[in-house]
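What follows is the residue order along each chain.
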Amino acid sequence: MERRSEFLQRCSPQVPSLYAPAGFTREDLAKPHILLFSTASEAHPGSFHLDRLIQEARLGLAIAGGTGFRYTTSDVCDGVAQGHDGMNYPLASREFIAGMIEIYIGTHMFDGAILMSSCDKGLPACLVAAARMKDLMPVVIIPGGSNEPGPCYMMEGDVGKGHGQVLAKLMAQEELDYIADHTLPCNGACQFMGTASTMQVMSEALGIAPPTSALAPATQRYVLNNARNSGQLVMNLFNKGIKVKDILTEGALRNAVVIHQATGGSSNGLLHLPAIANAAGVSFDVTMFDKLGQQTPYLTNIHTAGQYASRQFWFAGGVQRIIALLADTGLLDMNALTVTGLTVRENLENVKKSDFFRMGEGYLGNYATVDGSRRLQRTDVVRNPDDPKSKKGSMAVMKGSLAPEGSVFKYSACDPAMYEHVGKAVVFDSEEECFAAVTGLKLEPGDVAIVRNEGPKSCGMPELFLTSSAIVGIEKYRKSIALVTDGRFSGATAGPVIGHVSPEAVAGGPIGLVEDDDLIEISLSRRALNIVGVKRERRSPEEIQKILAERKSRKPASKPTYTSGILGAYTQLAVSAMKGAYMGRASDK
């Protein structure tokens, strides 16, 4: 492969002198230059340890004949951003972290890259950046691994649930303090199948992260091995001339969607995969999640929709176990190329020949089942296709008069009692108002809380985790009220909640026209989200459209919350949530 770094040094005679103070010699600079990027920082447990992984990658790279250059741009923590306006920033941060990686590569003319992150926006940013570099170089993604569950299978998502219960006077503050103090015992991404875990899984499913790397325990040597091996992988790809475009293909994206549905991935996956596909120049329609979901068995029993933790999923075989179980179904492209230089099928055969599955099941035996009755077994965490948790996937794309472009419903984490529901709308123009009503027990069973002006073009598309957690934590609401929004949800979210409603209110969507006491229909069986009545009385679809048109003629359009600064830039350029909420062109919207 032609070396971009050679071109750089022909153009810029200052290169040797500028690198020399850091200890780089002319011999170092004569080798391929590889970007070693991570989101290492003190922002959250998923980033605390990444510097150590970068050190291992640098060592492996040197052994393989390359020279590594360390760069960082920290991601932020969605958990820290909860409950205040800081939650408007995380999704936008995906675009700017990806932009910084692109800037590093464009200015310093690297020949390849190893990108490391663990969590919600940092890892998607690495994937988007890799996709943007599709024609230039090889890229290897190394996920930062998973945390350990707390005492009695406590997990970080329990904090938000407990917070809602405290405000509703259903739990003592002392109990919430205990949960918060012990829910995250070590480094690594949060333990449930939230966005962080989902995007680690997506990285491996796409083939851009190596086999068995997603959700490896961040406190065990396996993540160090993955980091060390990344140097050999990127140099192997470089020597073979394999670039990102050879890996991020339509087949790879299909594999990611199938594995997402089989593992009960976060609804935020439906924001990130379209953005990755767009950056890679690969055609992608988000309704593929629904189409393939109807053919894909839901196999995992992982919190929040299940009982066990993300590292226990890894012990049960992780992504490679899912691939093994679905290999003969025709759902996966087993011939898709990966960063090993081998296909998905060849990787699986090598994993089977190793002791990976045996080792993992041995580790599972160190744990008891949730009820404490026996040792944990693989099928407690990852079930077989002939005995799935559900015969169909975990996520639905819902459309209708309330969401003409679509919306997202993670029904695997919702009680089936709310799969079909009609209720009166209670409208809120911010999450704060809705959260106060929920924790103040102001809603009535059957209500549908509508929260608008939370979309990407309005304020950056914050997640409504606190409100959704409060609904699940309040017994009388868990199976009786729904939450519908043009915002998004945490990967930890459970319950009768539907997000990504598009077009959003600021873009003139019907969600901006809903009024209190309209009747809202949720129908999972028909994938429908509709306004079906006014003033608690049923109306025909034709009447509804006339009423909405009349409201639109007299109601001022919602305006973006931010018009300057980083969020001003993001909200002006953000495309629809159903297209990935990336910063695009006017023609993309």
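Residues numbered from 1 in each chain as written. Predicted model: local features only at pLDDT ≥ 70, side-chain atom pairs only at ≥ 80, totals over all residues. Heavy atoms only, no water.

Here the focus is the overall build of the protein chain. Scanning the protein chain for helices and strands turns up 23 helices and 13 strands. A globule of 589 residues ought to have a C-alpha radius of gyration of about 25 Å, and the protein chain, at 24 Å, matches this closely. Judged by the C-alpha coordinates and their principal axes, the protein chain covers about 75 × 60 × 50 Å. Looking at the 589 residues of the protein chain, the share that counts as buried comes to 64%. Put simply, of all contacts in the protein chain between residues at least 6 apart along the chain, 76% involve residues at least 24 apart. A total of about 21,600 Å² of accessible surface is found on the protein chain, and carbon and sulfur atoms cover 51% of it. Of the charged side chains in the protein chain, 59 are positive and 61 negative, and the gap between their average positions amounts to 4 Å. (Helix = DSSP H or I, 4+ residues; strand = E, 2+ residues; numbered from the N terminus. Rg over C-alpha atoms; globule rule 2.2 N^0.38 Å. Buried < 20%, exposed > 50% of the residue type's maximum accessible area, 1.4 Å probe, protein only. Contact = heavy atoms within 4.5 Å. Areas by Shrake-Rupley, 256 points an atom, 1.4 Å probe, with all protein chains shown as cover. Lys, Arg positive; Asp, Glu negative; His and termini not counted. Charge placed at Lys NZ, Arg CZ, Asp CG, Glu CD.)

Bringing the sheet that holds strand β2 (residues 67–72) into the picture now. In spatial order, the strands read β2-β1-β3-β4; together these 4 strands make up an open sheet with parallel pairing. At either end of the open sheet lies a strand with only one pairing partner, and these are β2 and β4 (139–143). Each adjacent strand pair in this sheet contributes to an overall mean axis angle of 20°, direction not counted. As paired strands, strand β1 (residues 33–38) and strand β3 (residues 112–117) are joined by 5 bridges and run parallel to one another. Counterpart to serine 38 in the pairing with β3 is methionine 116. (Pairing = 2+ DSSP bridges. Axes fitted to C-alpha atoms, helices over the stretch in contact; angles between N-to-C directions.)

Pairing is mixed in the open sheet, where 9 strands are placed in the order β5-β6-β10-β9-β8-β7-β11-β12-β13. Whereas interior strands pair on both sides, the edge strands pair on one side only; in this sheet they are β5 (396–398) and β13 (537–538). Direction of pairing for strand β9 (residues 482–485) relative to strand β10 (residues 497–502): parallel, over a ladder of 2 bridges. In the strand pairing of β10, leucine 483 is matched with valine 497.

This brings us to the pattern of salt bridges. Throughout the structure, instances matching the rule amount to 28 salt bridges. Across the pair arginine 488 and aspartate 78 runs a salt bridge whose closest N-O atoms are separated by 3.5 Å. Pair noted here: arginine 488 is in the loop between β9 and β10 and aspartate 78 is in the loop between β2 and α5 (90–108), with a separation of 410 residues, a long-range link. A relative accessible area of 4% places aspartate 78 in the buried class. One continuous salt-bridge network, built from bridges that share partners, spans Glu515, Asp518, Glu550, Arg551 and Arg554. (Salt bridge = Lys/Arg side-chain N within 4 Å of Asp/Glu carboxyl O.)

A cis amide bond, omega 20°, links histidine 303 with the succeeding residue threonine 304. By the secondary structure assignment, threonine 304 is in the loop between α13 (288–293) and α14 (310–315). Note that the residue after serine 502, namely proline 503, is joined by a cis bond; omega there is 0°. The residue proline 503 is located in the loop between β10 and β11 (519–523) in this model.

On to the packing of helix α9 (residues 195–205) against helix α11 (residues 250–263), then. Running from amino to carboxyl end, α9 crosses α11 at an angle of 140°, the nearest separation of the two axes being 8 Å. Classified by the interaxial angle, the pair formed by α9 and α11 is oblique. The interaxial crossing formed by α9 with α11 has right-handed handedness. For the pair formed by α9 and α11, the contact residues are Thr198, Val201, Met202 and Ala205 on the first element and Ala252, Asn255, Ala256, Ile259, His260 and Thr263 on the second. Along the lines of polarity and charge, the residues of the contact of α9 with α11 split into 6 nonpolar, 4 polar and no charged. (Parallel < 35°, antiparallel > 145°, perpendicular 65-115°, else oblique. Left-handed = near helix turned anticlockwise from the far one by under 90°. Nonpolar A, V, L, I, M, F, W, Y, C, P; charged D, E, K, R; others polar.)

It is worth spelling out the nonpolar core at this point. By size, the foremost hydrophobic cluster in this structure holds 127 residues, and its most contacted members are Leu35, Leu115 and Leu273. The element contributing the most residues to this core is helix α10 (residues 221–240), with 9 residues. Not counting the four nearest positions on each side in its chain, leucine 35 is found in contact with Phe69, Tyr71, Ile101, Tyr104, Ile105, Phe110, Gly112, Ala113, Ile114 and Leu115. Counting residues in each nonpolar core, the second largest holds 29 residues, with Ala403, Ala425, Ala482 and Ala505 among its members. (Core = buried A, V, L, I, M, F, W, Y, C linked by side-chain atoms within 4.5 Å.)

What follows deals with helix α23 (residues 565–573). Among the residues of α23, those classed as buried are Leu567, Gly568, Tyr570 and Thr571. Projection of α23 onto a plane perpendicular to its axis shows the buried side chains occupying an angular sector of 165°, all on one side. Looking at the buried side of α23, the elements it contacts are α5. (Arc of directions from axis to C-beta.)

A few words on the environment of glutamine 294. Counting through the fold element by element, glutamine 294 comes out in the loop between α13 and α14. The sequence separation of glutamine 294 and glycine 393 amounts to 99 residues, and the corresponding C-alpha distance is 6.1 Å. Beyond its immediate stretch of four places on either side in the chain, glutamine 294 contacts Lys392, Tyr411 and Arg527.

Before going further, it helps to spend a moment on helix α12 (residues 269–280). Over its 12 residues, α12 runs 16 Å from end to end, which matches the ideal 16 Å to within 8%, given 1.5 Å per residue. Most of α12 is tucked away: 11 of the 12 residues are buried. A positive backbone phi angle near 70° is found at glycine 281, which sits one or two residues after α12. (Expected span 1.5 Å × (residues − 1).)

A few words now on the side chain of threonine 198. With respect to the helices and strands, the residue threonine 198 is situated in helix α9. A polar side-chain atom of threonine 198 sits 2.7 Å from the main-chain carbonyl oxygen of glycine 194. Ignoring sequence-local partners within four residues, the contact set of threonine 198 consists of Met193, His260, Gly265 and Ser266. (Polar contact = N/O pair within 3.5 Å; in protein donor to acceptor, adjacent residues only side chain to side chain.)

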